[in-house]
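Structural characterization, general
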Amino acid sequence: MSREQLVVERARRAFQTGMSKPLKFRVHQLKNLHRFITERRKDIADAVNKDLNKTEHSTELFETLGLEGEIDVAVERLAEWAAPRPVEKSLLTILDEVYIQPEPLGVVLIIGAWNYPWAVTLQPLVAAIAAGNAAVVKPSEVSSHSAKVMEELLPLYLDKELYPVVCGGVSETQELLRQRFDHIFYTGNSTVGKLVMEAAARHLTPVTLELGGKSPCYIDKDVDLRVACRRITWGKFVNCGQTCIAPDYILCEPSLQNRVVEGIRQTLLEFYGPDPKSSPDYGRIINQRHFNRVMALLDGYTAALGGQSDSSQRYIAPTVVKDVPPHARLMQEEIFGPLLPIVTVSDIDDAIHFINEREKPLALYVFSSIKKVIKRMLAETTSGGVTVNDVMMHYTLNSLPFGGVGQSGTGRYHGKHSFDQFSHHRACLVKSLGMERVNMPRYPPQNHQKARRVRLAMRTPLVDFSKGTYIWAVTASIVALGLLVALTVILILAAGVSCTCW
């Protein structure tokens, strides 16, 4: 029996004891996770610095700050999220208990990514714990220093049986995927995402795939270009371009192209000084393989801005390329690096057509001061998420679901959306053995009169018990009961029969 199989079996046995289900236990584990982030902040920052050359402040801003917020929201609202959710009733079920009960899925697998090794690995874990699951955590081996710290320190704070960390490379991941899980949450590229979905299909395991793709950024001619370029430059070149929702390419009219390049040039000087290589705020490519891949995308093109590189440091300067044709290699795959192509379009119609003839992106960015332009972009395109007149900020709100569509992913998370993603929404109806006469029309032998009564009862507007206070619910029950009596009388009169028929 492999190590991975043993880990999964231990997690399943621990889950089957029921220890992860009480809300008190879940809250305790979430608070321990928060304490881990607080007490081990320096260890986390050092690991990320070794992996991606990020500063401690950058790690806090892009990794741990969001995690702490996610945990705080989960702890504060867990009782509300986990409570039975009353739903609308028909007249046939007016006196019954009808509700949705969120319950844990079981043992889930979380496969993290290397570009934000803590945020995209532990955010799903927050949700898995909150929903009452056991979770096997597989950090990316590419961000090896972060993975090692996670493996060594996280078990000191969380239950070791319920939330084990498994490190390793491709073979270890493949072995984990051979095991049966109740849900798999994967963050990464679409190529591996297809393999994850294929492995999950063998056990009919549901998946959440947080993938990527080429996220377009349309710049309208009627916009404050200085502000637009500052925001785009930040989103594109933070983490050395290794962000799944970074603007992948710019769409703009030819008359704007040189002005955009100049605006980005000025912003880069503002952000990183005359030499980004020496700036502590500018990152590095994760490893040599990815360095070579990104540099190969530049073959045959002359950079309008940047283009410098240093293989020994895995450094690639912030780079902008003009007049990129749609068929270029730069436009065929997600760049995931500090290269920003500009593709010219004749107008908004051309831009919308360009976006729609490609795979649905994870994110879409629109810069315009004209409401009509914004409305058209929102109405006539689709994407996992969209931000207007900024980039990436929709990710920061846990009230918004984050996820892709089509090739950019399936499923969603953040806040309550995460809790729901890791929960089974069990349909519950609790009926009394009394009031049997109300049920008689649905029993054989069937006839036209019975069918008409059931049809009228089913078509009667539903009564919503899912909102308001207990007093409101009681009042609604009395009103609904009156409606039931009235409907019964109407049905009897319509049928032209005596009460003895009921």
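Quick notes on the rules
- Residues numbered from 1 in each chain as written.
- Predicted model: local features only at pLDDT ≥ 70, side-chain atom pairs only at ≥ 80, totals over all residues.
- Heavy atoms only, no water.
- UniProt positions renumbered as here; feature names shortened; annotations may be inferred.
- Helix = DSSP H or I, 4+ residues; strand = E, 2+ residues; numbered from the N terminus.
- Buried < 20%, exposed > 50% of the residue type's maximum accessible area, 1.4 Å probe, protein only.
- Contact = heavy atoms within 4.5 Å.
- Lys, Arg positive; Asp, Glu negative; His and termini not counted.
- Charge placed at Lys NZ, Arg CZ, Asp CG, Glu CD.
- 1 Å grid on protein atoms, 1.4 Å probe; cavity = no way out; pocket = protein on both sides within 12 Å on 5 of 7 lines; lining within 4 Å.
- Points joined across faces, edges and corners; volume = space filled by probe spheres on them.
- Nonpolar A, V, L, I, M, F, W, Y, C, P; charged D, E, K, R; others polar.
- Patch = residues over 30% accessible without salt bridge, like charges linked within 9 Å, V, L, I, M, F, W, Y side chains within 5 Å.
- Areas by Shrake-Rupley, 256 points an atom, 1.4 Å probe, with all protein chains shown as cover.
- Salt bridge = Lys/Arg side-chain N within 4 Å of Asp/Glu carboxyl O.
- Pairing = 2+ DSSP bridges.
- Axes fitted to C-alpha atoms, helices over the stretch in contact; angles between N-to-C directions.

Identification of the protein chain as Aldehyde dehydrogenase from Oncorhynchus mykiss is taken from an unreviewed UniProt entry. Heading Sequence similarities (unreviewed entry) of the UniProt record for the protein chain holds this comment: "Belongs to the aldehyde dehydrogenase family."

When helices and strands are counted, the protein chain shows 17 helices and 16 strands. Judged by the C-alpha coordinates and their principal axes, the protein chain covers about 90 × 55 × 40 Å. The burial tally for the protein chain puts 51% of its 502 residues in the buried class. Partitioning the contacts of the protein chain with sequence separation of at least 6, the portion at a separation of at least 24 is 72%. For the protein chain, the centre of its 57 positive side-chain charges and the centre of its 52 negative side-chain charges are spaced 7 Å apart.

Here we come to the layout of surface pockets. Approximately 590 Å³ is the volume attributed to the second largest pocket. Lining the second largest pocket are 27 residues, and of these Leu61, Phe62, Gly66, Tyr395 and Thr396 sit closest to its centre. A per-class count over the lining of the second largest pocket returns 16 nonpolar, 8 polar and 3 charged.

So, on to the side chain of Glu175. Residue position: Glu175 is located in helix α7 (residues 170–178). Residue classification places Glu175 among the buried positions, given a relative accessible area of 17%.

For the bond from Pro444 to Pro445, the omega torsion is -5 degrees, close enough to zero to count as cis. Take Pro445: it is sitting in the loop between α15 (436–439) and α16 (448–459). Look at Asn239: it is not a glycine, yet its phi comes out positive at around 60 degrees. Checked against the element boundaries, Asn239 lands in the loop between α9 (225–237) and β8 (249–252). On the accessibility criterion, Asn239 (7% relative accessible area) is buried. With a phi angle near 50 degrees, Asp323 is a residue other than glycine that sits in the positive phi range. Summarising the element assignment, Asp323 is placed in the loop between β11 (319–321) and β12 (339–344).

With that settled, consider a nonpolar patch on the surface. The grouping of Leu378, Val386 and Val388 at the surface amounts to a nonpolar patch, some 200 Å² of accessible area in total. By secondary structure assignment, the location of Val386 is in strand β14 (residues 385–388).

Right, let's talk about the sheet that holds β14 for a bit. A sheet is described by the order of its strands in space; here 6 strands give the open sequence β11-β12-β8-β7-β13-β14, paired in parallel fashion. If you trace the sheet from one side to the other, it starts and ends with β11 and β14, each paired once. Going from strand to strand, the sheet's axes swing by 20 degrees on average, the running direction of each strand aside. Judged from the 3 bridges that link them, strand β7 (residues 216–219) and β8 form a sheet pairing that is parallel. Its bridge partner lying in β8, Tyr218 is registered against Leu251. Contacts from helix α12 (residues 348–356) reach β7, β8, β12 and β13 (363–367), with the element oriented near 150 degrees to β8.

As a further point, take the UniProt feature "domain: Aldehyde dehydrogenase" (unreviewed entry) in the protein chain. According to UniProt, the feature "domain: Aldehyde dehydrogenase" (unreviewed entry) maps to residues 7–425 in the numbering used here. The distance separating the terminal C-alpha atoms of residues 7–425 is 27 Å; by composition the span is 42% helix and 15% strand.

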